[in-house]
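Residue-level listing of the chains:
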Amino acid sequence: MSRTSAAVSPRELSARALATGLLLGALLAPSNVYSGLKIGWSFNMSIIALLVGFAFWQGIARAFGRPRWSLLESNINQTTASSCASIISGGLVAPIPAYTLLTGQQLDSLALMAWVFSVSFLGIWVAWYLRPGLIAGSGLRFPEGMATLATLQQIYSQGAEAGRRLWVLGSAALLAAGTKLIDTFFWSLPRWAPSAQLERLTFTFEPSLLLVGFGGIVGLRVGLSLLLGALLAWGLLAPWLLAEGLVRLPAAATGPQFATLIEWLLWPGVSLMVCATLTSLGLRLLRSRTATRRGSRRWRPQGWPAAGLALAITLVVALQISLFGIAPALA
C-alpha cells in the first residue's frame, strides 16, 4: 500500500473507538444484568452503543473540528460495547444467582472474575470453530446482528436517519424511565389476572415496557413460540400437576407460585431446549462438513486456535472443581 492510500484510508481500530466501546459497555452491562434477572433474557446492546457513539463523536467533530467518526470506528465501538454487555453470559444471570440461592454462598470478586473470564475465553474458541459452519458455510443470520448492520448502513448513507433513530431511542428511554418511576414511587400500575387460580399459575398482565421492548426485538415468531411454551407448561402441565396432587400450593399463599412449580417444569423445558439446539447444530455442522468435502477442503484443528481451546477447557474444568466442588469426571 502506498503512503497516499494509507493516509486516506479510514481508521478502524482507533483508541477512541475502543475506549468508547469499553465505556458504553460498562454502562450497559448492569442493564443487561437487570433485564436478565427480571425477564430471563439479555440483549447485545449493539444498536444503542452504535447510535450513542455516533451522536457523541459526530457532535464533537462538528463543534471542534475533530476527525469525523468513521463507519469502521462505529463498528469497532458497537462490537466492543456488545462484548462488554454480553459478558453476563458467563453466568451472571442464571447459574451464579441460582447457586447463591440454593447454597447461600457468594463468590468473592476475584473468584467471580476468574469464572466469568474462563467461560468467556472458552466461548471465543468455540465460536472460532463454529463460525465456518454456521456463518461462512450455512449463512446463518443472527437477528440482532442484521439489525445492527442495517442501522449502521442507514445512518451513514442517510444522515437524517441517524437523527430520527436517536430521537426514537431518547423518547423510548424517557417513556420507560418515567413509567418505572411512576410505578415505583407514585402510583402502582394495575396488574390483572383472569382469576385467582390463573394468577397463582403466573397468568398475570404485567404492565412492563421491558417486556414490550423485548417482544419488539425478538419478533413475532419467537414471541409466539414463547407464548406456546408458557401455555403448555403453565396452562396444561401445571394444572395437571396440581390436580394429581404431585404439587401442593400453600393454602394461604397469594400471587404467582412460580418457585413451587418451577422444580417440575424446569428440567423438561431445559431438556427440550438443549436437545433441540444440539440437534439443529449437529445437522448444520454435518451439512457444512459435507460441503467442505465436496469442495476438496479438509478441516482440521490448526496451531494456536487448538491450543487456545485446550487451555480454555482446562481452565474451566479446574475452576469448576475448585470453586463449586464439582466432581472431576462431571466437570
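Residues numbered from 1 in each chain as written. Predicted model: local features only at pLDDT ≥ 70, side-chain atom pairs only at ≥ 80, totals over all residues. Heavy atoms only, no water.

Novice: Go over the overall build of the chain, please, and point to the residues and values.
Specialist: Scanning the chain from N- to C-terminus turns up 12 helices and zero strands. Ordering the α and β elements of the chain from the N terminus gives α-α-α-α-α-α-α-α-α-α-α-α. Taken over 331 residues, the chain has a buried fraction of 25%. Expressed as a percentage of contacts within the chain between residues at least 6 apart in sequence, the contacts between residues at least 24 apart total 72%. (Helix = DSSP H or I, 4+ residues; strand = E, 2+ residues; numbered from the N terminus. Buried < 20%, exposed > 50% of the residue type's maximum accessible area, 1.4 Å probe, protein only. Contact = heavy atoms within 4.5 Å.)

Novice: Tell me about the pattern of salt bridges, residues and numbers included.
Specialist: Scanning the entire structure with this criterion turns up three salt bridges. Where Asp183 meets Arg191, a salt bridge forms, and the shortest distance between an N and an O atom there is 3.0 Å. The class of Asp183 is buried, set by a relative accessible area of 16%. A single network of salt bridges, built from pairs that share partners, joins Asp183, Arg191 and Glu206. (Salt bridge = Lys/Arg side-chain N within 4 Å of Asp/Glu carboxyl O.)

Novice: Tell me about the environment of Pro190, and name the residues and values.
Specialist: For Pro190, the position within the fold is in the loop between α8 (159–186) and α9 (196–200). For Pro190, a relative accessible area of 52% corresponds to the exposed category. Along the sequence, Pro190 and Phe205 sit 15 residues apart, while their C-alpha atoms lie 8.5 Å from each other. Not counting the four nearest positions on each side in its chain, Pro190 is found in contact with Phe205 and Pro207.

Novice: I'd love a proper account of the nonpolar core, names of residues and values included.
Specialist: If you look at the biggest cluster of nonpolar residues, it comprises 10 residues: Leu201, Ala233, Trp234, Ala238, Leu241, Leu242, Val247, Leu249, Leu261 and Leu265. Mapped onto this core, the elements with two or more residues apiece are α10 (209–243) and α11 (258–294). The element that contributes the greatest number of residues to this core is α10, accounting for five residues. When sequence neighbours within four positions are dropped, the list of residues in contact with Trp234 reads Leu201, Thr202, Phe203, Pro239, Gln257, Phe258, Leu261, Ile262 and Leu265. In terms of nonpolar packing, the next biggest core, distinct from the first, is built from nine residues, Ala17, Leu50, Phe54 and Ile76 among them. (Core = buried A, V, L, I, M, F, W, Y, C linked by side-chain atoms within 4.5 Å.)

Novice: Explain the side chain of Gln78 residue by residue, including any values.
Specialist: Within the secondary structure, Gln78 sits in helix α4 (residues 71–85). By relative accessible area, Gln78 is classed as buried at 10%. Within the structure, the side chain of Gln78 is placed 2.9 Å from the side chain of Asn75, a separation counted as a polar contact. Residue contacts for Gln78: discarding those within four places in its chain leaves Ser46, Ala49, Leu50 and Thr148. (Polar contact = N/O pair within 3.5 Å; in protein donor to acceptor, adjacent residues only side chain to side chain.)

Novice: Let's hear about the packing of helix α3 (residues 46–64) against α4: which residues, and what values?
Specialist: Axes are the key here: two packed helices are described by the angle between their axes and the distance separating the axes. Contact pair α3 / α4: the axes reach a minimum separation of 8 Å and the direction vectors enclose 135°. Between α3 and α4, the angle falls in the class oblique. Where α3 crosses over α4, the handedness of that crossing is right-handed. Packed against α3, whose contacting residues are Ser46, Ala49, Leu50, Gly53 and Phe54, the element α4 presents Ser74, Asn77, Gln78, Ala81 and Ser82 at the interface. For the contact of α3 with α4, the class distribution of residues is four nonpolar, six polar and no charged. (Axes fitted to C-alpha atoms, helices over the stretch in contact; angles between N-to-C directions. Parallel < 35°, antiparallel > 145°, perpendicular 65-115°, else oblique. Left-handed = near helix turned anticlockwise from the far one by under 90°. Nonpolar A, V, L, I, M, F, W, Y, C, P; charged D, E, K, R; others polar.)

Novice: Pulling in residues and values, what's your account of the packing of helix α2 (residues 15–39) against α10?
Specialist: Here α2 crosses α10 at 95°, and the two axes come no closer than 11 Å. One element, α2, and the other, α10, form an angle in the roughly perpendicular class. Contacts from Tyr34, Ser35, Lys38 and Ile39 in α2 reach Leu210, Leu211 and Phe214 in α10. When grouped by side-chain class, the residues that make up the contact of α2 with α10 number five nonpolar, one polar and one charged.

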